[in-house]
Amino acid sequence: MALEIEDKFDVPEGFALPDLSGVPGCEGVSEPLSHRLTAVYFDTPDLRLAARGVTLRRRRGGDDEGWHLKLPKAKGARQEITRPLTRSAKVVPAELASLVLAYTRGAPLAPVARLETRRSITRLLGPGGAGGSGSMGGEGSADGTGGAGGTGGTGGTESTVLVEIADDRVKGTVLGDEPVVRRWREVEAELKEGDRGLLEKVAKRLRKAGATPADSASKLARVLGDRIPAPPPRIRPEPGSVGEVVVAYLRAHADALIAQDPHVRLAEEDAVHKARVAGRRLRSALKAFKRIVAGTEDLQEELRWLGEVLGEARDLEVIRARFAGRLDGLDPRFVTADARRRLGDDLQAREHEAYERIRGVLSESRYFALLDALDALAADPPLTAAAAKNADKALPKIVDRNWRRVTDAYEAARRMEEGAEREAAMHDVRKAAKRARYTAEAAGMSGAAERAKEVQEVLGRHQDGVVAQGVLLEEAERARRAGEDTFPYGVLVGIESAEAARAHDEFPVVWSRLA
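Reading the values: the criteria
Residues numbered from 1 in each chain as written. Predicted model: local features only at pLDDT ≥ 70, side-chain atom pairs only at ≥ 80, totals over all residues. Heavy atoms only, no water. UniProt positions renumbered as here; feature names shortened; annotations may be inferred. Helix = DSSP H or I, 4+ residues; strand = E, 2+ residues; numbered from the N terminus. Buried < 20%, exposed > 50% of the residue type's maximum accessible area, 1.4 Å probe, protein only. Pairing = 2+ DSSP bridges. 1 Å grid on protein atoms, 1.4 Å probe; cavity = no way out; pocket = protein on both sides within 12 Å on 5 of 7 lines; lining within 4 Å. Points joined across faces, edges and corners; volume = space filled by probe spheres on them. Nonpolar A, V, L, I, M, F, W, Y, C, P; charged D, E, K, R; others polar. Expected span 1.5 Å × (residues − 1). Salt bridge = Lys/Arg side-chain N within 4 Å of Asp/Glu carboxyl O. Core = buried A, V, L, I, M, F, W, Y, C linked by side-chain atoms within 4.5 Å. Contact = heavy atoms within 4.5 Å. Phe/Tyr/Trp six-rings, centres within 6.5 Å; stacked < 30°, edge-to-face > 60°. Lys NZ or Arg CZ within 6 Å of the ring centre and 35° of its normal.

## Notes on the UniProt feature "domain: CHAD" (unreviewed entry) in the chain
Then comes step 1: The feature "domain: CHAD" (unreviewed entry), as given by UniProt, occupies residues 239-515 in the numbering adopted here.
Then comes step 2: In residues 239-515, helix accounts for 82% and strand for 0%; the two terminal C-alpha atoms are 34 Å from one another.

Following this line, the structure appears as structure tokens:
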């Protein structure tokens, strides 16, 4: 998945691209290259993708023809996923269709607009670059290699493409029973191998030449215009109230959970973890602030369910990386090929199976209903009368109440004898600390959040060591039945036991300091 960083500008028909050869940091400018591009955009009948700032298109022409999916990111940057052209021009590839399910919620995709663009490309070059007609490849291969935005040749010397400027004359057609046609001209400056400072210098020259920042975030938004549904109205709690703080927190993490959906489906690094944490924060906040936002018990249960769905893959991901590090740190004489396979490849295979189960669940109606419920919560949260209270007075009390849950849980655990029952009680302490941490984060009380986080992390190290021992014992039993050497598992169990014991012994010291 590529990160697309660009500036878009509206320009009049008679606009002339300024001389960019003197831009500081640029060593050359390519001759303009021309392309004819035809892009068909897909969406649901009610334009759910466009409403969320997502574009999905099939484009022919140019050096990057294919299927393009652009996902919203931070201001000025979008994430783009590309796939090769398929034979069918009317059916979205199944993989790409699945990546937008968090937005379509299963509604069918169909062509909604067609854009025909006459594009002139100019590239600012880095080391080795030079202007002139021989600096770049011919039409249809803008960099002389058939790649998109890599290097170009000047007398055999390769040059780095820093910024690419596309001057587009566009004919946009809204598809339907009565097609609507719009025409305009725009300029895009896209960062390639340069830095943001260089992009800002280019943008400054374009503005000086008469370009103005684009009114529309994308060509599709421009052609569809007011057909794109407006975002649903969101209630605005009283400024300075506890409701305002809590609702802002809930909305931020609901958005974060939905935004991670396509990354989870692609099994990108840390995506499951981020989605799981967003869900946990939502659930913890709904519990902690139940006197502020009422009637969310069913939503909390569905968030718990989603966390369990995501948890299997995440736990396998973490434990596999943990064991790989442990094995790499051992004397090679203690490590067998069978142990590496069981604790590496076999666990990874189970992880892949868990991801397949996640993709299945994320394509079901229950998950879509959960997303609908989060949308409804963000738009119109069921606030109680207590939501109008002053945040500065009410939030510290709520944070203190959740910290008392941690102290009560620990006092209960300390009264128990060592053993399985106390292990379970200490796990409850950790869960209470996690909830206290998220509550303090929502309230903007960083000190209280750090205190709870430290409790959570120390107990987490102990819990991780206990869980790791259980996995190792299971794998050792499988190895024993297969007639394999089980010595490496015993060594690792000893390491994990010591790690858990260290955390166990450290906790009372940490607690006395924090409490």
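We are not done yet, so read on.
## A few points about unusual backbone geometry
Across residues other than glycine, the phi torsion is negative in most instances, and most of the peptide bonds are trans.
Then comes step 1: Phi at Leu 47 takes a positive value of approximately 60 degrees, unusual for a residue other than glycine.
Then comes step 2: Looking at where Leu 47 falls in the secondary structure, it is placed in the loop between β3 (33-43) and α1 (48-51).
Then comes step 3: You will see that Arg 105, though not glycine, has its phi angle at about 55 degrees, which is positive.
Then comes step 4: Mapped onto the secondary structure, Arg 105 falls in the loop between α3 (101-104) and β7 (110-125).

## Considerations on the pairing of β3
Then comes step 1: Summarising burial for β3: eight of the eleven residues are buried, a large majority.
Then comes step 2: Here β3 pairs with β7 via eleven bridges, running antiparallel. Paired with Asp 43 across the two strands is Ala 110, which belongs to β7.
Then comes step 3: Strand direction decides the pairing type here: β3 and strand β4 (residues 55-60), joined by four bridges, are antiparallel. Within β4, the residue paired with Thr 38 across the bridge is Arg 60.

## Details of empty space enclosed by the protein
Summary: where empty space remains is shown by rolling a probe the size of a single water molecule over the atoms.
Then comes step 1: Taken as a whole and assessed by the stated rule, the structure comprises three cavities of 30 Å³ or more.
Then comes step 2: Forming the boundary of the largest cavity are Leu 257, Gln 260, Asp 261, Val 264, Ala 275, Leu 306, Leu 310, Leu 362 and Tyr 367.
Then comes step 3: Residue assignment for the lining of the largest cavity shows that the elements contributing at least two residues are α6 (242-265) and α8 (297-329).
Then comes step 4: At four residues, α6 tops the list of elements feeding residues into the lining of the largest cavity.
Then comes step 5: When the residues that make up the lining of the largest cavity are grouped by side-chain class, the tally is seven nonpolar, one polar and one charged.

## Looking at helix α13 (residues 446-481)
Then comes step 1: Relative to the 52 Å expected for 36 residues at 1.5 Å per residue, α13 spans 51 Å between its end C-alpha atoms, a close match to the ideal helical length.
Then comes step 2: Among the residues trailing α13, Gly 483 stands out with phi positive, at a value near 80 degrees.

## What about the pattern of salt bridges?
Then comes step 1: Within this structure, the stated rule accounts for 50 salt bridges.
Then comes step 2: Arg 83 is paired through a salt bridge with Glu 95; the nearest N and O atoms lie 2.8 Å apart. Highlighted residues: Arg 83 in strand β6 (residues 77-83) and Glu 95 in helix α2 (residues 94-99), separated in sequence by twelve residues.
Then comes step 3: Residue Arg 83 is classed as partly exposed on the basis of its relative accessible area of 29%.
Then comes step 4: Under the relative-accessibility criterion, Glu 95 is labelled partly exposed at 35%.
Then comes step 5: The shortest N-O distance in the salt bridge between Lys 431 and Asp 428 comes to 3.5 Å. Here Lys 431 and its partner Asp 428 are both found in helix α12 (residues 420-443), three residues apart, which amounts to about one turn of the helix.

## Notes on the nonpolar core
Then comes step 1: Within the largest apolar cluster, 84 residues are counted, with the highest numbers of intra-cluster contacts made by Leu 69, Phe 289, Ile 292 and Ile 358.
Then comes step 2: Per-element tally for this core: the top contributor is α8, with eleven residues.
Then comes step 3: In this structure Ile 292 touches Val 242, Gly 243, Val 246, Pro 382, Leu 383, Thr 384, Ala 386, Ala 387 and Ile 398, once residues within four positions along its chain are discounted.
Then comes step 4: By size, the runner-up hydrophobic cluster in this structure holds 21 residues, among which are Leu 20, Leu 162, Ala 203 and Leu 206.

## So, the environment of Trp 511
Then comes step 1: Mapped onto the elements of the fold, Trp 511 is located in helix α14 (residues 487-514).
Then comes step 2: Sequence-wise, Trp 511 and Leu 310 are 201 residues apart; in three dimensions their C-alpha atoms are separated by 31 Å.

## Quick look at the packing of aromatic side chains
Then comes step 1: Applying the stated criterion across every chain yields a total of seven aromatic pairs.
Then comes step 2: Seen from their ring centres, Trp 403 and Trp 511 are 5.6 Å apart, and the 20 degrees between their planes marks the pair as stacked. One end of the pair, Trp 403, is in helix α11 (residues 391-414); the other, Trp 511, is in helix α14, and 108 residues separate them in sequence. Considered together, Trp 403 and Trp 511 belong to a single accessibility category, that of buried residues.
Then comes step 3: Ring pairs connect the aromatic residues Trp 403, Tyr 410, Phe 507 and Trp 511, which therefore count as one cluster.
Then comes step 4: Over the ring of Trp 305 we find Arg 366; its NZ or CZ atom is 4.1 Å from the centre of that ring.
Then comes step 5: Just above the ring of Trp 403 sits the side chain of Arg 451; from NZ or CZ to the centre is 4.0 Å.

## A word on the layout of surface pockets
Then comes step 1: In this structure, the largest pocket encloses a volume near 1,500 Å³.
Then comes step 2: Lining the largest pocket we find 43 residues, and of these Arg 276, Arg 280, His 427, Arg 430 and Lys 434 sit closest to its centre.
Then comes step 3: Every element with two or more residues in the lining of the largest pocket is listed here: α7 (271-288), α8, α9 (337-361), α12 and α13.
Then comes step 4: If one sorts the elements of the lining of the largest pocket by residue count, α8 sits on top with 13 residues.
Then comes step 5: Taken together, the residues of the lining of the largest pocket break down into 13 nonpolar, nine polar and 21 charged.
Then comes step 6: As a volume, the second largest pocket reaches approximately 1,000 Å³.
Then comes step 7: The wall of the second largest pocket is formed by 36 residues, among which Arg 52, Pro 72, Tyr 103, Asp 255 and Ile 258 lie closest to the centre.

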